[in-house]
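Geometric and topological summary
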Protein chains: 4
Amino acid sequence: MYNNTFGNLFRLTSFGESHGKAIGGVIDGFPAGIVIDMDFIQQELNRRRPGQSAITTARKEADEVEFLSGIYEGVSTGCPIGFAVWNTNQHSNDYDNMKDVYRPSHADYTYTEKYGIRDHRGGGRSSARETIARVVAGALAKLALRQLGIQITAFTSQVGPYILEKDYTQYDLTRIEENSVRCPDQELAAKMADYIYKIKGEGNTIGGVISCVIKGCPIGLGQPVFGKLHAALGNAMLSINAVKGFEYGQGFGSMEQKGSEQNDIFYNENGKIALRTNRSGGIQGGISNGEDIYFRVAFKPVATVLMEQPTVDRLGNETILKARGRHDPCVLPRAVPIVEAMAAMTILDYYLLNKTTRL
Amino acid sequence: MYNNTFGNLFRLTSFGESHGKAIGGVIDGFPAGIVIDMDFIQQELNRRRPGQSAITTARKEADEVEFLSGIYEGVSTGCPIGFAVWNTNQHSNDYDNMKDVYRPSHADYTYTEKYGIRDHRGGGRSSARETIARVVAGALAKLALRQLGIQITAFTSQVGPYILEKDYTQYDLTRIEENSVRCPDQELAAKMADYIYKIKGEGNTIGGVISCVIKGCPIGLGQPVFGKLHAALGNAMLSINAVKGFEYGQGFGSMEQKGSEQNDIFYNENGKIALRTNRSGGIQGGISNGEDIYFRVAFKPVATVLMEQPTVDRLGNETILKARGRHDPCVLPRAVPIVEAMAAMTILDYYLLNKTTRL
Amino acid sequence: MYNNTFGNLFRLTSFGESHGKAIGGVIDGFPAGIVIDMDFIQQELNRRRPGQSAITTARKEADEVEFLSGIYEGVSTGCPIGFAVWNTNQHSNDYDNMKDVYRPSHADYTYTEKYGIRDHRGGGRSSARETIARVVAGALAKLALRQLGIQITAFTSQVGPYILEKDYTQYDLTRIEENSVRCPDQELAAKMADYIYKIKGEGNTIGGVISCVIKGCPIGLGQPVFGKLHAALGNAMLSINAVKGFEYGQGFGSMEQKGSEQNDIFYNENGKIALRTNRSGGIQGGISNGEDIYFRVAFKPVATVLMEQPTVDRLGNETILKARGRHDPCVLPRAVPIVEAMAAMTILDYYLLNKTTRL
Amino acid sequence: MYNNTFGNLFRLTSFGESHGKAIGGVIDGFPAGIVIDMDFIQQELNRRRPGQSAITTARKEADEVEFLSGIYEGVSTGCPIGFAVWNTNQHSNDYDNMKDVYRPSHADYTYTEKYGIRDHRGGGRSSARETIARVVAGALAKLALRQLGIQITAFTSQVGPYILEKDYTQYDLTRIEENSVRCPDQELAAKMADYIYKIKGEGNTIGGVISCVIKGCPIGLGQPVFGKLHAALGNAMLSINAVKGFEYGQGFGSMEQKGSEQNDIFYNENGKIALRTNRSGGIQGGISNGEDIYFRVAFKPVATVLMEQPTVDRLGNETILKARGRHDPCVLPRAVPIVEAMAAMTILDYYLLNKTTRL
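Keep in mind the model is a prediction, meaning the values are calculated, not measured. (Residues numbered from 1 in each chain as written. Chains lettered and ligands numbered in written order. Predicted model: local features only at pLDDT ≥ 70, side-chain atom pairs only at ≥ 80, totals over all residues. Heavy atoms only, no water.)

1. What to know about the side chain of C:Ser18
Residue and element names in this part refer to chain C.
- With respect to the secondary-structure elements, Ser18 resides in the loop between strand E2 (11–15) and strand E3 (22–28).
- We classify Ser18 as buried; its relative accessible area is 6%.
- Not counting residues up to four positions away in its chain, the partners in contact with Ser18 are Ile23, Asn87, Gln90, Arg121, Gly122, Gly124, Ser127 and Arg129. (Helix = DSSP H or I, 4+ residues; strand = E, 2+ residues; numbered from the N terminus. Buried < 20%, exposed > 50% of the residue type's maximum accessible area, 1.4 Å probe, protein only. Contact = heavy atoms within 4.5 Å.)

Take a look at the structure:
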């Protein structure tokens, strides 16, 4: 639940640095008897993989996962699932000039102060390459959730000044993969892509917002009071690199609305209790209520810009840094599957927790 | 870390329903040897107490804490600190008409579905009265942090349409307690108070934003990758009743700014490494960097409005509900010490965790 | 799982010192919907209560539990169950002469060295009075296990040189409460009682062994590899005051037996898989196999003897200590319900964990 | 703390089956800045390795560890240490006849019942080959403890009827590695080896006892009440395959001794508080007191005997099983480093926990 382990009953413990031998982890508490669809898992990794389009980093990495345990004849055994994704295309020399220099708004300074030592190559452990392990574990979680009829879909809803205006219910979320930005509005997606491409040309970077919708979540997930479902989702999202904010339901918006305007009214729909609106975002009192769960995640612009920046080295000497290497101008498109992965792990964990509510 | 326990090394396990015998808890992992300033703890509870001003609920509750263990001759012993705050002014009859009726946007429906049973009186466990235990534990955490030179200050920065425009550094945060809203801008505070009073008169409610600043936090707190300091803070804040969002540093704002505009530049200030800006919000790579930590927390309007609302009962029968009882028109003023308490617990927990980084 | 919290999903967090205001705790994760039989709980506390017979301490304590939350109209709600047992008969003056003196083989020295401070009265937190909280939580666990058909019975199987010779299957375990020692062999029980009475007269103390049998445990409890069921039971038992050893199945005995002699042979009994013997003690590979689980727990003699002992004070000055107060000559009879309580909590916790093995 | 994760702050999460691709794990919370002595780690693995003498299994496995992360330029970085030991000499065909047959006193039946699926080859996850991960993590822990002056030594003290009679203080524990049994009495070791060799010839197996001594442990380790140091050690030992019992200090022995005979008396030795005896086994009130910690661990005979045994298959059909494969006649010699490893991990974990006792 801290350091390098995520989750309570379904747990990922991850390891690996950007330029080390591998990124990997151990998935524990995965239910026994789930058929492991390897193609699906690789497809999820491909969605996160660098070099997938003109607006992502040019790095080429195979990012193929090798499972080391816990699966027998294609089925999960209930034993821990060890896995590794081997690092193969590392250009560590790109980082030689940064060995003792602190990149602005990166983790270089804080890691060094905390641990007294740091693998500087490619950002080491603080690299977003670490999220590979999350995508693997999230893909497994999705396989389990699929059996439960739970679907998780994330998409880019803002890039710099370009904002998806309408509510998610107004879009066809099955068409997100049709553009490189992963935005359900194809026209807006084109503008976002152009904008990112332009930013990339400047050697600069830009942030944005990813939205996520969880459909089919049963009533009852959430462990009040400190394990409220949205607190767990927020914790999961805020653990992703570059995330600066999380909101669900009405969130920070609609602050001028009064209680009478925000409450979701119950009614009887053909004998079943139903809700006229879902301003709560599918969670009430920290527990899922069966409606769509939706939330938004804010990402800052990538800190690595390909332009000269003043900074200091470890000894405090002022210097000028110009990053080399291959970097993303905008993390959003590749972060979409990561948001989904963290959501999937959280929901599966809370599904398992909820099984223990009654004898 | 879920259900009713918060924290890793410094841990609060809380209990209690709104109309039960007591709200209380056990604080474990509190460092030995801390002098317990009882007046300070009660003062913190008073900041949260209902009935403190014209814009809060009219309920009168003493909210005095009784410590049951873990303190000997006024000093913490390192043993668990049990405590109780006795419920004394409960009007349970106010809730008789809600026994089987689901209040809109409350936890009534989800608790019933999850647990199959629920103490409906005053919201039971889902009542914000539960936060008393947080304020007690937070006050203890503050006593420890005080010895470390760490100060935590929260304040109301938005109520409905009224927004504190300037950066927190432009205000005197020591003057927050001078108005009933707990806003550092005294003029704006007066407007907010008037507005809340008006909303109260309508039987309605309104939400807003609480901001929080942590000063004096040492470098190095945060346990990457899943225990990033801001993820822990976000988790803590999202566990508070009525919270819908969390952001730190630039958060959801400034999305049009590029990486080159958002990066915090290092320089050498008289031989020490320093930062020209603090857009990161005091945390980089999930680890505190010694700058002020600041974040914002979104609260929705209280769901209990004193007007008729359509709803259903447990059997799905449609009905009209009119809440009785004494309720807050705006939770913000009383939530300020709760935000501080959750922040204090998180920081102390992470301070202790960080002590184990090196041998 | 450490400090003052026991368990994973079903969890007791306890607090309280021997001469403080109360012993109590919070029980979290207790399944919703269990009818709380208050008489049964008090009966369990009575089995542990001092002063129940001529061979226990003469202290008189009511030891009545007051529940503070989590129970509504006599049924568990799934919310945390806070409780307190008020201390009423403390003779703190009995300990004035021990304030700065370290009692031999007690926790006085180690607590002082670890925490720098200690409530010396009655042993403070290290007093066996702490086990009251375990008995309360264990009684609740038993109520849940009863619904599952799981029965836990502990009994005294050795006191000093008096040893129960035969296998537990040779005795009527329903007759344990018929004598003050809680031994199923009534004749041996009488000898044990006489012996304890004699030891008491000498101002001395004696240890022994408690055995425990768990019947009706379903197949599948146990979370390999680090959560083997017997490891959890061992951990639970070793956390009880004065316990020095734990063994299950063949344990330390029968070391001259070879593998071929110790293996439990499967056979087909009327179409069902059955075992000819149960030398494994009901657990194989860390997982319950449906047979009786049985184990033994070694207790050392109580360290408080009513005779003069040389010792030192906090400053290292040598001195002579003669304990006052009312103490047990033999902890075994009153420890029987404590062993059962810890077993019940463990089994319920592992039952809940096992519910999450498959989707 | 359950399933496949061991420890609180220093944590091993392990994975791997006997005949899968690898045994490995992730070590989290290992202090930053420790020089990693690779030769030492391999040497520890060699002590556990099969085929090391005439009295162990004839299997040949290189058992070389490959570290995948967390170490930079030979020093621990505070980031998670992933590692794998590749399986290279698996004869899976040896197990073809056991695919659906339940080996007596193995985990075959319970794993199948719990998980509904099982990798039967070589015992799968329930194989003692899993302990490789423990030895790797334990070797790292030892490197940290070495800096603290803490030494851990285990040795074989009983094999079948052959028992080390005298107290551990009477032997030279540095000479344990001089014989294949790892017993400090060279003459007795020879008899034990002969006996094991004879048992092996019979196709049978034998159990015994491993003792362990921890020297140089500082005062103060242990987290009462549920995290008593000996409870943690007991839990650790009982999690090792084939372990049936744990005792420390006087344990199950000396039951005829009275309190006055078992108490350890304090005295003043040249101005320092000292103890005349150490019957407590270095732990009082669950906290280390600075004396030697010693404990004993009971191992049952290996369940795999190379003789015909009646049993059943998955469908309940009775059959005769004759194990093939290469097996240990006695697990004790190779289990000595495993006991040490579990002790080392526990002590390091509790050392780190104890650092958080005071501010």
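2. Overview of the relation of the copies chain A and chain B
- When chain A is fitted to chain B, the best match, at an RMSD of 0.0 Å, comes from turning it 180° and sliding it 0.0 Å along the axis. This pairing of chains is accounted for by a two-fold axis.
- Take the interface residues of chain A: 99% of them recur as interface residues in chain B, which is what a same-surface contact looks like. (Least-squares fit on C-alpha atoms with pLDDT ≥ 70 in both.)

3. Comments concerning the interface of chain A and chain B
- Contacts between the two partners involve 112 residues from chain A, matched on the other side by 111 residues from chain B.
- For the chain A and chain B pair, buried surface summed over both sides reaches about 8,500 Å², with 60% attributable to carbon and sulfur atoms.
- By the criterion of area lost to chain B, the three top residues of chain A are A:Lys114, A:Phe226 and A:Lys244, representing 11% of everything that side buries.
- For the pair chain A and chain B, the number of links is two salt bridges.
- One salt bridge in this structure joins B:Glu202 and A:Lys258, with 3.5 Å as the shortest N-O distance.
- Taken together, the links from chain A to chain B amount to 47 residue pairs in polar contact (both at pLDDT 80 or more).
- Examining the composition of the side of chain A that touches chain B, we find that seven residues originate from one element, helix H2 (residues 108–115) of chain A, more than from any other. (Buried area = accessible area lost by both parts, 1.4 Å probe. Salt bridge = Lys/Arg side-chain N within 4 Å of Asp/Glu carboxyl O. Polar contact = N/O pair within 3.5 Å; in protein donor to acceptor, adjacent residues only side chain to side chain.)

4. Things to note about the relation of the copies chain D and chain B
- Between chain D and chain B, the superposition needs a rotation of 180° and an axial shift of 0.0 Å, giving an RMSD of 0.0 Å.
- Taken as a fraction of all interface residues of chain D, those also at the interface in chain B reach 100%, which identifies the copy contact as same-surface.

5. Focus: the pairing of strand E3 (residues 22–28) of chain B
Residues and elements named next belong to chain B.
- Among the seven residues in E3, seven count as buried, and that is most of the element.
- Where burial is concerned, the two faces of E3 agree: the one with Ala22, Gly24, Val26 and Asp28 and the one with Ile23, Gly25 and Ile27 are both buried.
- Pairing of strand E2 (residues 11–15) with E3 involves five bridges; the strand directions are antiparallel. In the sheet register, Thr13 faces E3, and the bridge partner there is Val26.
- Inspection of the sheet shows E3 paired to strand E7 (residues 81–86) by six bridges, in the antiparallel sense. (Pairing = 2+ DSSP bridges.)

6. Things to note about the sheet that holds strand E11 (residues 243–248) of chain D
- Strand order across the open sheet formed by 10 strands is E9(C)-E8(C)-E10(C)-E16(C)-E11(C)-E11(D)-E16(D)-E10(D)-E8(D)-E9(D), with antiparallel pairing between neighbours. Bordering the open sheet on either side are strand E9 (162–163) of chain C together with strand E9 (162–163) of chain D, each of which pairs with just one other strand.
- When strand E11 (residues 243–248) of chain C meets E11(D), the two strands line up antiparallel, connected through three bridges. Its bridge partner being in E11(D), C:Glu247 is matched across the sheet by D:Gly245.
- Contacting strand E8 (151–159) and E9 of chain D, helix H4 (residues 186–201) of chain D crosses the sheet at an angle of about 60° to E8(D). (Axes fitted to C-alpha atoms, helices over the stretch in contact; angles between N-to-C directions.)

7. A short note on the UniProt feature "binding site: FMN" (unreviewed entry) in chain A
- Sites flagged by UniProt as "binding site: FMN" (unreviewed entry) map to A:Arg125, A:Ser126, A:Ser127, A:Asn241, A:Ala242, A:Gly285, A:Lys300, A:Pro301, A:Val302, A:Ala303, A:Thr304 and A:Arg326. Annotated residues spanning 202 residues; largest pairwise C-alpha distance 44.6 Å, indicating distribution over more than one region.
- Here A:Arg125 shows up in the loop between H2 and helix H3 (131–147).
- Taking relative accessible area as the criterion, A:Arg125 reaches 3% and is therefore assigned buried.
- Apart from residues lying up to four places away in sequence, A:Arg125 is in contact with A:Asn4, A:Ser14, A:Phe15, A:Gly16, A:Glu17, A:Tyr111, A:Glu130, B:Val225, D:Cys79 and D:Pro80. (UniProt positions renumbered as here; feature names shortened; annotations may be inferred.)

8. Quick notes on the nonpolar core
- Judged by nonpolar contacts, the single largest core of 374 residues is most densely connected at A:Phe295, B:Phe295, C:Phe295 and D:Phe295.
- Those residues in contact with D:Phe295 that sit more than four places away from it in its chain are D:Ile210, D:Ser211, D:Cys212, D:Ile214, D:Leu233, D:Met237, D:Phe246, D:Glu247, D:Tyr248, D:Val339 and D:Ala343. (Core = buried A, V, L, I, M, F, W, Y, C linked by side-chain atoms within 4.5 Å.)

9. What to know about the packing of aromatic side chains
- Considering all chains together, one arrives at 44 aromatic pairs over all chains under this definition.
- A ring pair is formed by C:Tyr102 and D:Phe266, whose centres lie 6.0 Å apart and whose planes are at 50°; its orientation type is tilted. Linking C:Tyr102 in the loop between strand E7 (81–86) and helix H2 (108–115) with D:Phe266 in strand E12 (residues 266–269), this pair reaches from one chain into another.
- For the pair C:Phe266 and D:Tyr109, a centre-to-centre distance of 5.3 Å together with 65° between the ring planes defines the contact as edge-to-face. Highlighted residues: C:Phe266 in strand E12 (residues 266–269) and D:Tyr109 in helix H2 (residues 108–115), drawn from two different chains. Comparing C:Phe266 with D:Tyr109, the two get one shared label, buried. (Phe/Tyr/Trp six-rings, centres within 6.5 Å; stacked < 30°, edge-to-face > 60°.)

10. Re the interface of chain D and chain B
- Each side of the interface is counted separately: chain D has 16 residues, and chain B has 16 residues.
- Between chain D and chain B, a total of about 1,300 Å² is buried, with carbon and sulfur atoms accounting for 65% of that surface.
- The largest per-residue losses of area from chain D upon contact with chain B belong to D:Lys355, D:Thr356 and D:Leu359, which jointly make up 51% of the total buried on that side.
- Where chain D touches chain B, the interface holds seven residue pairs in polar contact (both at pLDDT 80 or more).
- Looking at the side of chain D that touches chain B, the elements that each hand over two or more residues are helix H3 (131–147) and helix H7 (332–354) of chain D.
- At four residues, the largest contribution of residues to the side of chain D that touches chain B is made by H7(D).

11. Some points on the pairing of strand E13 (residues 272–275) of chain B
All names here are of chain B.
- Across four bridges, strand E12 (residues 266–269) lies against E13 in antiparallel orientation. In the strand pairing of E13, Glu269 is matched with Lys272.
- Hairpin geometry of E12 and E13 is characterised by an intervening segment of two residues between the two adjacent antiparallel strands and by a positive phi of about 55° at Asn270.

12. So, the UniProt feature "binding site: NADP(+)" (unreviewed entry) in chain A
Residues and elements named next belong to chain A.
- When the UniProt feature table is mapped onto this chain numbering, "binding site: NADP(+)" (unreviewed entry) sits at Arg48.
- In this structure, Arg48 sits in helix H1 (residues 38–48).
- Given the relative accessible area of 3%, Arg48 is considered buried.
- The residues contacting Arg48, other than those within four sequence positions of it, are Asp63, Ala128, Arg129, Thr131, Ile132, Val135, Arg334, Pro337 and Ile338.

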